[in-house]
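# Summary of the model geometry
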Amino acid sequence: MIGEFSNVKIQGMASAVPQYIEENTNFVNILGARRTKKQIQLTGVSKRHISGPQQRTSDLCYAAACPLMEKLNWKSDEIKILIYITQGPNYILPSTAFFLQQRLGIPKDCICFDINLGCSSFNVGVHVVSALLQSCNISDKALLLIGDTASKVLEPEEPMTEEAISGRMIFGAAGAAIALEKIEQSSLKFMTKSDGNGYEAIMRHYGKGTTMDGTAVFEFAINDVSDDVKVFKDYFGLKEDDIDYYVFHQAQKLILDSIATNCNFPEGKELRSLEEYGNTSGTSVPLTVCANLNQFADKKSIKLFLCGFGVGLSWGSIYTEVPTENILSVIETNEHYDGDKIPAGKLAEHNILIVGADEEIGENISRYLSGSSATVILEGTDEHKLYNIQDDLFYESHVIVHNDSELSQFDKVSQYCSENNICLHGIVFAKSGMTPDTIYDVCMKLQADEILQSAECSIVLTSDIECLHTQNSPMYYEEKGKIETILSKIQEDINNEQVRVNAVLYDETKLDLTQITGSGQEWIEKFLQQNCPAEMNRPLFIGRTLVYLLSDNSQYTTGLIVPINR
């Protein structure tokens, strides 16, 4: 499909990326120096901006839209069309466009919907919005929002295989806002094409990773895309003097170089952003324009040949003129909106008391369980540390500080839980030096005060006695016997057959207790720099075991002693 829309103008563009930059050289210890260097040279990507675990594509698009509307002096009630294109919506339904309509304050007189599309989003989106504007009044306005967070901060438990990391090193995260308006005596030329025979070339099934037929995609890009650049220019009679700059989807350097050679672009007329931002899916076209603002900021307007291509297979081009004063430089932000998020981890709607949350292992456990959506109650003596941990947790949490004897501290726990209507679904004893008798007394007291969930509550003891096993100490079996005894005693006297009592044993000398704080960025960088040491994984194994023992999945598991770090 090729043609021209009259009375439509792109009035401006803005792009937003996360602040965190991931250097591809971070992966030398996995891929090796030679392979890492070769991949950077071939793809042209040396670093990428990637999102934290809580930042979504809609956050980046919102961050781009707000300053663009302010720059254009657009009022929200002037916007009649809001189209959001992404492969990562906030919800299965409704369209995330409705959520963005609400956040941007756009009133009811507006059409909103999502489009599921990737690397050709820009040209398809401009085509769709321009077509809708034809039915609008002069001066009616539209926002086209495009984005994907194809690359996020690595979760510490993600498998860091060579194949996964090699693919990761190409992709970045970004969102863009494109402002279009119906204006007389303006025009916009377009071409849009699709080839369903290539639908399997780039594919992701539910619950699976993305697969790509690299050869098929490469041949498509250097043949179909290159050929249609020439077709487009010939159809509209475009000469080189009619085009200030070419901007293509930033797939990778080898593809862009091949297209540039096939189409014989004059030197300096093709803009790129690949090295700094990587492949940002459909956002890469407007992002590249914004990233190169310094090259044409002195011009009143620029004539752009804009081309996106990719998943589908789909491709197309837009030729238009854009006022440079309304092209914003790239925005960097880590802001995220959390008001619509609900806990969805394995411990969602579980209240878990962490006894000794201010100790190293207790802090690690607290953070891990919170990451599984638990509401954690942080108990300890170090008030400053407990509140620092709480400030860094995403989901709901509580702090109980004490400086009294062990028994009176749990009077405080009972009082706090009663006053705040908290019923405990689990207790983790992470505090060192607690005697079996004290642990027993605590469990009995919390049950007597009706603080424990009446059904399917889980109590887990943690102990560092595995170091004794490592040392072949005869005390190991004596200490293990004490744990077995207290587990049985609690189980017998708790007066509730549905309460589960288990233990997790570890060797503290074999743990790297570097805490996974914030986005996990610092932990991952250290993990990679130190060549992925097993010690940094072991606290995660403890956390994973605790999640299972505390979850409803383990309702028939009791009296189990799980050793970690053998």
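Above this note sits the structure.
Below or above, wherever it landed, is the structure these notes cover. (Residues numbered from 1 in each chain as written. Predicted model: local features only at pLDDT ≥ 70, side-chain atom pairs only at ≥ 80, totals over all residues. Heavy atoms only, no water.)

### So, the overall build of the protein
- Assigned secondary structure in the protein consists of 19 helices and 21 strands.
- Principal-axis analysis of the C-alpha atoms gives the protein an extent of 90 × 55 × 40 Å.
- When the 566 residues of the protein are sorted by exposure, 56% land in the buried category.
- Pairs at least 24 apart in sequence give 77% of the contacts found in the protein among residues at least 6 apart.
- Approximately 24,600 Å² of the protein is accessible, and the part contributed by carbon and sulfur atoms is 47%. (Helix = DSSP H or I, 4+ residues; strand = E, 2+ residues; numbered from the N terminus. Buried < 20%, exposed > 50% of the residue type's maximum accessible area, 1.4 Å probe, protein only. Contact = heavy atoms within 4.5 Å. Areas by Shrake-Rupley, 256 points an atom, 1.4 Å probe, with all protein chains shown as cover.)

### Structural notes on the nonpolar core
- Counting 44 residues, the largest nonpolar core has Ile354, Leu369 and Leu546 as its most contacted members.
- Every element with two or more residues in this core is listed here: α1 (28-31), β15 (351-355), α12 (360-371), β16 (375-380), α13 (383-391), β17 (397-401), α18 (521-529) and α19 (538-550).
- It is α19 that provides the largest number of residues to this core, a total of six residues.
- Apart from residues lying up to four places away in sequence, Leu369 is in contact with Leu347, Ile352, Ile354, Ala374, Val376, Val428, Leu546, Val547 and Leu550.
- Membership of the second largest hydrophobic core comes to 42 residues, among which are Ile10, Ile178, Cys290 and Phe296. (Core = buried A, V, L, I, M, F, W, Y, C linked by side-chain atoms within 4.5 Å.)

### Comments concerning the side chain of Ser186
- Mapped onto the elements of the fold, Ser186 is located in strand β7 (residues 173-194).
- The exposure class of Ser186 is buried, given its relative accessible area of 15%.

### Notes on the state of the cysteines
- By the definition in use, this model includes zero disulfides.
- Between Cys112, a free cysteine, and Cys110, which holds the nearest cysteine sulfur, the sulfur-to-sulfur gap is 3.8 Å. (Disulfide = S-S within 2.5 Å.)

### Brief notes about the pattern of salt bridges
- With the rule as written, the count across this model stands at 26 salt bridges.
- Among the salt bridges present, the one from Asp228 reaches Lys193, with a minimum N-O distance of 3.2 Å. Taken together, the residues span a long stretch of sequence, with Asp228 in helix α7 (residues 214-236) and Lys193 in strand β7 at a distance of 35 residues.
- Taking relative accessible area as the criterion, Lys193 reaches 30% and is therefore assigned partly exposed.
- Residues Glu240 and Lys233 are paired through a salt bridge, measuring 2.8 Å at the closest nitrogen-oxygen approach.
- A single salt-bridge network, built from bridges that share partners, covers Lys253, Asp257, Glu270 and Arg272. (Salt bridge = Lys/Arg side-chain N within 4 Å of Asp/Glu carboxyl O.)

### Focus on the packing of aromatic side chains
- According to the stated counting rule, one finds 16 aromatic pairs in the structure shown.
- Seen from their ring centres, Phe232 and Phe236 are 4.9 Å apart, and the 55° between their planes marks the pair as tilted. A residue pair is termed a helical-turn pair when its members lie 3 or 4 positions apart in one helix, as Phe232 and Phe236 do in helix α7 at four residues. Each of the two residues, Phe232 as well as Phe236, counts as buried. (Phe/Tyr/Trp six-rings, centres within 6.5 Å; stacked < 30°, edge-to-face > 60°.)

### Quick look at helix α5 (residues 121-133)
- Taking 1.5 Å of rise per residue, the 13 residues of α5 would be expected to cover 18 Å, and the 18 Å separating its terminal C-alpha atoms lies within 8% of that figure.
- By the burial criterion, the buried members of α5 are Ser121, Phe122, Asn123, Val124, Gly125, Val126, His127, Val129, Ser130 and Leu133. (Expected span 1.5 Å × (residues − 1).)

### A short note on the packing of helix α3 (residues 57-72) against helix α4 (residues 96-104)
- Where α3 contacts α4, the two axes come as close as 11 Å, and the packing angle between them is 40°. The angle between the axes of α3 and α4 places the two elements in the oblique class. The handedness of the crossing between α3 and α4 is right-handed. Across the interface between the two elements, Ser58, Asp59, Tyr62, Ala65, Cys66 and Met69 from α3 touch Thr96, Phe99, Leu100, Arg103 and Leu104 from α4.
- Residues that form the contact of α3 with α4 fall into these classes: seven nonpolar, two polar and two charged. (Axes fitted to C-alpha atoms, helices over the stretch in contact; angles between N-to-C directions. Parallel < 35°, antiparallel > 145°, perpendicular 65-115°, else oblique. Left-handed = near helix turned anticlockwise from the far one by under 90°. Nonpolar A, V, L, I, M, F, W, Y, C, P; charged D, E, K, R; others polar.)

### Examining the sheet that holds β17
- With respect to topology, seven strands assemble into an open sheet ordered β17-β16-β15-β18-β19-β20-β21, the strand pairing being parallel. For this open sheet the edge positions go to β17 and β21 (561-563), each flanked by a neighbour on one side alone. Each adjacent strand pair in this sheet contributes to an overall mean axis angle of 15°, direction not counted.
- Contacts from helix α15 (residues 436-448) reach β15, β18 (426-429) and β19 (458-463), with the element oriented near 165° to β18.
- Most of the contacts of helix α17 (residues 475-493) go to strand β20 (residues 500-505), to which it runs at about 160°, and overall it touches β19, β20 and β21. (Pairing = 2+ DSSP bridges.)

### Topic: the packing of α7 against helix α8 (residues 253-263)
- For the pair α7 and α8, the least separation of the axes is 9 Å and the interaxial angle reads 35°. Considering only the axes of α7 and α8, their crossing is right-handed. Between α7, through Phe218, Ala221, Ile222, Val225, Ser226, Val229 and Lys230, and α8, the contact on the second element is made entirely by Leu254, Ile255, Ser258, Ile259, Asn262 and Cys263.
- Of the residues contributing to the contact of α7 with α8, the split by class is nine nonpolar, three polar and one charged.

### Comments concerning the side chain of Asp512
- Its place among the elements puts Asp512 in the loop between β20 and α18.
- The exposure class of Asp512 is buried, given its relative accessible area of 18%.
- Leaving out residues up to four positions away in the same chain, Asp512 has contacts with Lys526, Gln530, Glu535, Met536 and Pro539.

### Details of the environment of Lys37
- Position of Lys37 relative to the elements: it lies in helix α2 (residues 33-43).
- For Lys37 and Ser458, which are 421 residues apart along the polypeptide, the C-alpha to C-alpha distance reads 50 Å.

### Observations concerning unusual backbone geometry
- In this structure, Pro94 follows Leu93 across a cis peptide bond, with omega equal to 5°.
- Relative to the elements of secondary structure, Pro94 occurs in the loop between β4 (79-85) and α4.
- Along the chain, Gly312 connects to Leu313 via a cis peptide bond; the corresponding omega equals -10°.
- By the element assignment, Leu313 lies in the loop between β12 (301-310) and β13 (314-323).
- At Glu450, a position not held by glycine, the phi torsion is positive, near 60°.
- Exposure remark for Glu450: the relative accessible area of 68% places this residue in the exposed category.
- A positive phi angle is found at Asn531, which is not glycine, with a value near 65°.
- One can find Asn531 in the loop between α18 and α19.

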